[in-house]
Amino acid sequence: MNPISRKQILLFMICTMIFFEACFLPWFAESPGKGAKAERGYAACAPIIAALENYRKNTGKYPISLSLLPTTPEIVNAAKSDVKCDHYEAQNNWKSYELMFRYTGPGINHCTYSPTNGWSCGGYY
């Protein structure tokens, strides 16, 4: 009978880790919109949401682009976050908008904010 080689042991360990990650990690992982990365995304978006609401209050509509917002220290600091608000889309003739951030780990997640619906998050593993 041949002894088990190091290569066989290593292969067994790799297969076991892959199996565990694929089958069990989703059960223990935080759901989309929960956890530290999601909280950093909410924090990065908060000053942008406030600036968008202030813009609407002053002009009667939301801007066509985030570049039209005044640059404030809060927005500059939000841009330094590892989870950034990186997608903005003005909608319904600038009467509404969607703002989104994405993050990974575990899975690929996204959270979208709109003034009428608030935050909505989803993702997959």
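Everything that follows concerns the structure shown earlier in this document.
In this report, we go over the structure that sits alongside the text. Being a predicted model, the structure only gives us computed values, none of them experimental.

Things to note about the overall build of the protein
Thinking step 1. The helix and strand inventory of the protein stands at 4 helices and 4 strands.
Thinking step 2. In the protein, the succession of helices and strands from N to C terminus is α-α-α-α-β-β-β-β.
Thinking step 3. Going through the 125 residues of the protein one by one, you find that 26% of them count as buried.
Thinking step 4. In the protein, the share of contacts with a sequence separation of at least 24, taken over all contacts with a separation of at least 6, comes to 44%.
Thinking step 5. Looking at the protein as shown, the accessible area adds up to about 8800 Å², and 60% of this sits on carbon and sulfur atoms.

Here's the deal with the state of the cysteines
Thinking step 1. Under the definition given, this model contains 2 disulfides.
Thinking step 2. One disulfide in the model links Cys45 with Cys85; its S-S distance is 1.5 Å. Residue Cys45 is located in helix H3 (residues 36-59), and its partner Cys85 is located in strand E1 (residues 85-91); the two are separated by 40 residues in the primary sequence.
Thinking step 3. A residue is classified by how much of its surface remains accessible, and Cys45, at 0% relative accessible area, is buried.

Re a nonpolar patch on the surface
Thinking step 1. There is a patch of nonpolar side chains on the surface, built from Ile4, Ile9, Phe12 and Met13 and spanning about 450 Å² of accessible area.
Thinking step 2. You can see Phe12 is positioned in helix H1 (residues 6-23).
Thinking step 3. Judged by relative accessible area, Phe12 falls into the exposed class, the value being 59%.

Description of the packing of aromatic side chains
Thinking step 1. Counted under the stated rule, the structure contains 8 aromatic pairs.
Thinking step 2. Each ring, one from Tyr42 and one from Trp119, has its centre 4.9 Å from the other, and the planes form 65°; the classification is edge-to-face. You can see Tyr42 sitting in helix H3 and its partner Trp119 sitting in strand E4 (residues 118-124), a full 77 residues away along the chain.
Thinking step 3. Relative to Tyr97, the ring of Tyr88 has its centre 5.7 Å away and its plane inclined at 35°; by these criteria the two rings are tilted.

A few points about the sheet that holds strand E3 (residues 108-114)
Thinking step 1. In spatial order, the strands read E1-E2-E3-E4; together these 4 strands make up an open sheet with antiparallel pairing. Each of the sheet's edge strands pairs with one partner strand only, and the pair in question is E1 and E4. This sheet shows a mean twist of 20° between the axes of neighbouring strands, independent of strand direction.
Thinking step 2. Bridge analysis of E3 against E4 gives 7 bridges, and the strand direction is antiparallel. By the bridge assignment for E4, Cys111 is matched with Cys121.
Thinking step 3. On the sheet, H3 packs against E1, strand E2 (96-104), E3 and E4 and is oriented at approximately 160° with respect to E2.

Rules used throughout
Residues numbered from 1 in each chain as written. Predicted model: local features only at pLDDT ≥ 70, side-chain atom pairs only at ≥ 80, totals over all residues. Heavy atoms only, no water. Helix = DSSP H or I, 4+ residues; strand = E, 2+ residues; numbered from the N terminus. Buried < 20%, exposed > 50% of the residue type's maximum accessible area, 1.4 Å probe, protein only. Contact = heavy atoms within 4.5 Å. Areas by Shrake-Rupley, 256 points an atom, 1.4 Å probe, with all protein chains shown as cover. Disulfide = S-S within 2.5 Å. Patch = residues over 30% accessible without salt bridge, like charges linked within 9 Å, V, L, I, M, F, W, Y side chains within 5 Å. Salt bridge = Lys/Arg side-chain N within 4 Å of Asp/Glu carboxyl O. Phe/Tyr/Trp six-rings, centres within 6.5 Å; stacked < 30°, edge-to-face > 60°. Pairing = 2+ DSSP bridges. Axes fitted to C-alpha atoms, helices over the stretch in contact; angles between N-to-C directions.

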